Amino acid sequence: MWPFDKRCASCGGRSRNLVAAPSGASTAHGSRVCQPCADRLGKEATARIAERQALEAQSRRISEAQAARRKADAERRRLEEQETHHRKQEAEAKQQEAWKQFADAARFSEAGMRLLMGFVGQWPAQLQPADFAGQGISTLLEQVREYQGRPHPKADTYPEYQVIDGQIGRASNDFLDLKICVAHPDKNQNPWPQVPGLTVFQLIRRYSEWPLSKLVFALPRVHEIFSIGPLSQMTDVPRTELMIEVYKGVEIALFDVYEALPNGRITDAMVEEKLKSLAQPSESITSPLPP
Ligand SMILES: [Zn+2]
């Protein structure tokens, strides 16, 4: 074979001096190419390597940036969690402080305060613990007691509750309950709109979940327990008993709010305002009945 018969594996041209294709060239392994092709292929290979390195560097920068971002996110989350935890601790401390202030002001024993706190939960934001100071508390207790024992306004019936199989049941009075049903926007949100008694009981239960209602209406009973009996009795107070006290008070308050309506709708704000006024020992809660 003539030397000139040797062909470059890249351009196919004849050449006397074929050299090994540079490593990384796009020719088959072990190919021999002419010098110009070797130069070109070498440059191409170098460019490809440079390009790959650039891509690698770029992807490294991206993953480094991602890692930095993840780290920053984790740090931010950690700080947020710390802040949340701190705020939670602060809120808890505030709660403890409010209950303690209340116990001091109302001269409630630690055990009485604990029972009340366990039943009510959060200290009602609408009330100031200091308001319970001095003679105010006994006036308040009397007032609330009297209020819970009232008949329905403009009627001679009383709120009536019974515990049956551990469940609290309410004696309904369709004639009275219908008034509340008509005046309360919740009437459309209950599954039995055609049963006034159920609608009203549902409303009473909802308002009775408010810490404000629980505190105001459980207060006289809890006070009674701790002023007459030994402290060991505290474990014997069933939750249902306290809940019934709250239901009774809320029921009267609901009808009271209704009777005070010129015409229109009962709102949560009105009920809240009513309950708040009951918890003010310095103010008289007895309003003159309309003639
Ligand atoms: Zn060539």
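Residues numbered from 1 in each chain as written. Predicted model: local features only at pLDDT ≥ 70, side-chain atom pairs only at ≥ 80, totals over all residues.

(A) Up close: the overall build of the protein chain. Each helix and strand counted, the protein chain has 8 helices and 4 strands in total. In sequence order, the secondary structure elements of the protein chain are arranged as β-β-α-α-α-β-β-α-α-α-α-α. Taken across its 291 residues, the protein chain has 26% of its residues classed as buried. (Helix = DSSP H or I, 4+ residues; strand = E, 2+ residues; numbered from the N terminus. Buried ≥ 20, exposed ≤ 12 C-beta atoms within 10 Å, placed from the backbone.)

(B) Geometry of the packing of helix α5 (residues 196–208) against helix α7 (residues 239–260). As a packed pair, α5 and α7 sit with axes 9 Å apart at the nearest point and diverge in direction by 115°. When the axis of α5 is compared with that of α7, the two are roughly perpendicular. α5 and α7 meet at a crossing whose hand is right-handed. Across from L203, I204, Y207 and S208 in α5, the residues of α7 making contact are M243, V246, Y247, V250, E251 and L254. When the residues that make up the contact of α5 with α7 are grouped by side-chain class, the tally is 8 nonpolar, 1 polar and 1 charged. (Axes fitted to C-alpha atoms, helices over the stretch in contact; angles between N-to-C directions. Parallel < 35°, antiparallel > 145°, perpendicular 65-115°, else oblique. Left-handed = near helix turned anticlockwise from the far one by under 90°. Contact = placed C-beta atoms within 7 Å. Nonpolar A, V, L, I, M, F, W, Y, C, P; charged D, E, K, R; others polar.)

(C) Local environment of the nonpolar core. One finds I204, V216, A218, L219, V250 and L254 to be the most contacted residues of the largest nonpolar core, which totals 39 residues. Secondary structure elements with two or more residues in this core: α2 (110–120), α3 (136–148), α4 (174–183), α5, α6 (211–228), α7 and α8 (268–278). Per element, the largest residue contribution to this core is 10 residues, and it comes from α7. Not counting the four nearest positions on each side in its chain, A218 is found in contact with L116, F119, V120, L242, E245 and V246. Counting 8 residues, the second largest nonpolar core, distinct from the first, contains A21, A25, A38 and L41. (Core = buried A, V, L, I, M, F, W, Y, C linked by C-beta atoms within 7 Å.)

(D) Quick peek at α4. Listed as buried for α4 are L176, D177, K179, I180 and C181. Lining the buried residues of α4 we find α5 and α7.

(E) Up close: the packing of α3 against α7. Close contact between α3 and α7 brings their axes to 8 Å; oriented N to C, the two are set at 75°. Considered as vectors, α3 and α7 are oriented roughly perpendicular to each other. Only E245, K248, G249 and I252 of α7 make contact with α3, whose side of the interface consists of V144, Y147 and Q148. Its residues assigned to classes, the contact of α3 with α7 comprises 3 nonpolar, 2 polar and 2 charged.

(F) How the structure looks around the pairing of strand β4 (residues 167–170). Across 4 bridges, the pairing between strand β3 (residues 161–164) and β4 is antiparallel. Opposite V163, over in β4, you have I168 as the bridge partner. (Pairing = 2+ DSSP bridges.)

(G) Expanded view of unusual backbone geometry. Even without glycine at this site, R107 takes up a positive phi of about 50°. Within the fold, R107 resides in the loop between α1 (35–106) and α2. Non-glycine residue K154 carries a positive phi angle of around 60°. Counting through the fold element by element, K154 comes out in the loop between α3 and β3.

(H) Region of the structure containing α2. Considered for burial, the residues of α2 that qualify are G112, L115, L116, M117 and V120. One or two positions beyond α2, positive phi appears at G121, with a value near 90°.

(I) Structural view of the confidence of the model for the protein chain. Taken residue by residue, the protein chain gives an average pLDDT of 85. The fraction at 70 or more is 87%. Within the protein chain, the lowest mean pLDDT, 82, falls on α4, and the highest, 94, falls on α1. Overall, residues 283–291 carries pLDDT values under 50, and its contacts beyond four positions in sequence, including any with other chains, amount to 5 contacts. (pLDDT = per-residue confidence, 0-100.)

(J) Structural context of the environment of C11. Along the polypeptide, C11 turns up in the segment before β1 (19–20). Of the residues examined, C11 has 13 C-beta atoms within 10 Å and is grouped as partly exposed. Those residues within four positions of C11 in sequence are excluded, and the remaining contacts are C34 and C37.

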